[in-house]
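Take a look at the letters that make up each chain.
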Amino acid sequence: MSDPTEGEGDGGSRRDAEAARVLLLGFLAALGDARAEVSASVPSVERLADLPALVRSGLIARRGEAGGHTYLVHGAGCRLTSPSGIDVDVDFTADGAEIFDFWRLRTHGRSLPTPVDPSEKDLRDAVDGLTDLLAEVRPGWFNATGSRRGADEDPRRDERRP
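Residues numbered from 1 in each chain as written. Predicted model: local features only at pLDDT ≥ 70, side-chain atom pairs only at ≥ 80, totals over all residues. Heavy atoms only, no water.

Enquirer: Could you clarify how one ought to interpret the overall build of the protein in this entry?
Expert: Looking only at helices and strands, one finds five helices and seven strands in the protein. Counting across all 162 residues of the protein, residues that qualify as buried make up 40%. Taking the contacts inside the protein whose residues are at least 6 apart along the sequence as the reference set, 47% of them involve residues at least 24 apart. Per element, the accessible surface of the protein, about 9,300 Å² overall, is 51% carbon and sulfur. (Helix = DSSP H or I, 4+ residues; strand = E, 2+ residues; numbered from the N terminus. Buried < 20%, exposed > 50% of the residue type's maximum accessible area, 1.4 Å probe, protein only. Contact = heavy atoms within 4.5 Å. Areas by Shrake-Rupley, 256 points an atom, 1.4 Å probe, with all protein chains shown as cover.)

Structure, rendered in structure tokens:
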């Protein structure tokens, strides 16, 4: 039996792959924005991976608001929702790196003002085309290769005047 998408022209698959790429880049940008805004508003949060430890110690609630984002600390990670309702959800590795999978990317896409919900194949193609930005840290889980760098730096460094 043939695949129902086989009859579609290359334009459709290229368009879908490009939409998945744009979604992935948008997710990374939204994650960076959330990271910077939360870190700037909560002095004890140098990186998002600090949130679960603060919850465990009782210093912050499991749900709350920081930097204009609402957050929900869950299991091994955290979901952040921007004031406009855009969700970014990540888990954390033992060393504090932010990781995400296709489910989190699709959830982000469905939360956008104009929702998008690319296929896993299109997301895989997008990830494979962005190897300079992403690393697959375990099967199906990805890390933005620059996100560990930010953990050791002051997120407000660009705001400082010389």
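Having seen the model, we can carry on.
Enquirer: What exactly am I supposed to notice about the side chain of D50 here?
Expert: By secondary structure assignment, the location of D50 is in helix 2 (residues 50-56). Judged by relative accessible area, D50 falls into the buried class, the value being 17%. Within the structure, D50 has its side chain in polar contact with the backbone nitrogen of E46 (distance 2.8 Å). Contact partners of D50, with chain neighbours within four places excluded, come to S44 and V45. (Polar contact = N/O pair within 3.5 Å; in protein donor to acceptor, adjacent residues only side chain to side chain.)

Enquirer: It is not clear to me how the sheet that holds strand 3 (residues 77-81) should be interpreted in this structure. Could you clarify?
Expert: Two pairing modes exist for strands in a sheet, parallel and antiparallel, and in both the strands are linked by backbone hydrogen bonds. With antiparallel pairing, the five strands of this open sheet are ordered in space as 1-2-3-4-5. Sheet topology places strand 1 (63-66) and strand 5 (98-99) at the edges, where each strand pairs with a single neighbour. Pairing of strand 1 with strand 2 (residues 69-74), which is carried by four bridges, proceeds in the antiparallel orientation. Bridging from a neighbouring strand, E65 pairs with T70 of strand 2. Contacting strand 2 and strand 4 (87-92), helix 3 (residues 102-111) runs over the sheet at an angle of about 165 degrees to strand 4. (Pairing = 2+ DSSP bridges. Axes fitted to C-alpha atoms, helices over the stretch in contact; angles between N-to-C directions.)

Enquirer: Which parts of the structure should I look at to understand the pattern of salt bridges?
Expert: When charged atoms on two side chains of opposite charge get close, those side chains can pair. In the structure shown here, the tally under the stated rule is ten salt bridges. The partner of R35 in a salt bridge is E98, and the shortest N-O contact between them spans 2.6 Å. Residue R35 is found in helix 1 (residues 10-41), and its partner E98 is found in strand 5; the two are separated by 63 residues along the sequence. For E136, the salt bridge is made with R124, and the minimal N-O distance between the two is 3.0 Å. One end of the pair, E136, is in strand 6 (residues 134-138); the other, R124, is in helix 4 (residues 120-128), and twelve residues separate them in sequence. (Salt bridge = Lys/Arg side-chain N within 4 Å of Asp/Glu carboxyl O.)

Enquirer: Would you mind showing me how to read the nonpolar core here?
Expert: Soluble globular proteins: nonpolar side chains tend toward being buried together. If you look at the biggest cluster of nonpolar residues, it comprises 34 residues, and the most contacted ones within it are L24, F27, F100 and L134. Top element by residues in this core is helix 1. It accounts for nine residues. Beyond its immediate stretch of four places on either side in the chain, F100 contacts L24, F27, L28, D89, L105, L134, G140, W141, F142, N143 and A144. (Core = buried A, V, L, I, M, F, W, Y, C linked by side-chain atoms within 4.5 Å.)

Enquirer: Can you walk me through helix 4 in this structure?
Expert: Owing to its 3.6 residues per turn, the α-helix brings residues three or four apart onto one side. Taken residue by residue, helix 4 has D122, L123, A126 and V127 as its buried positions. Buried positions in helix 4, seen along its axis, are confined to an arc of 140 degrees and lie on one side of it. (Arc of directions from axis to C-beta.)

Enquirer: Help me understand the pairing of strand 6 in this model?
Expert: Consecutive side chains along a regular strand alternate between the two faces of the sheet. Relative to strand 7 (residues 141-144), strand 6 runs antiparallel, the two sharing four bridges. What sits directly across from A135, in strand 7, is N143.

Enquirer: Just checking my understanding: could you explain the packing of aromatic side chains for this structure?
Expert: How two aromatic rings sit relative to each other is set out by the distance from centre to centre and by the angle between their planes. Counted according to the given criterion, the structure contains three aromatic pairs. Ring centres of F100 and F142 lie 6.3 Å apart, and the angle between their planes is 40 degrees; this geometry places the pair in the tilted category. Pair noted here: F100 is in the loop between strand 5 and helix 3 and F142 is in strand 7, with a separation of 42 residues, a long-range link. The buried category is assigned to F142, whose relative accessible area is 0%. Taking 5.4 Å as the distance between ring centres and 40 degrees as the angle between the ring planes, the aromatic pair formed by F102 and F142 counts as tilted. With F102 in helix 3 and F142 in strand 7, the pair connects residues that are 40 residues apart, well separated along the chain. When sorted by exposure, F102 lands in the same class as F142, which is buried. Linked through ring pairs, F27, F100, F102 and F142 together constitute an aromatic cluster. (Phe/Tyr/Trp six-rings, centres within 6.5 Å; stacked < 30°, edge-to-face > 60°.)

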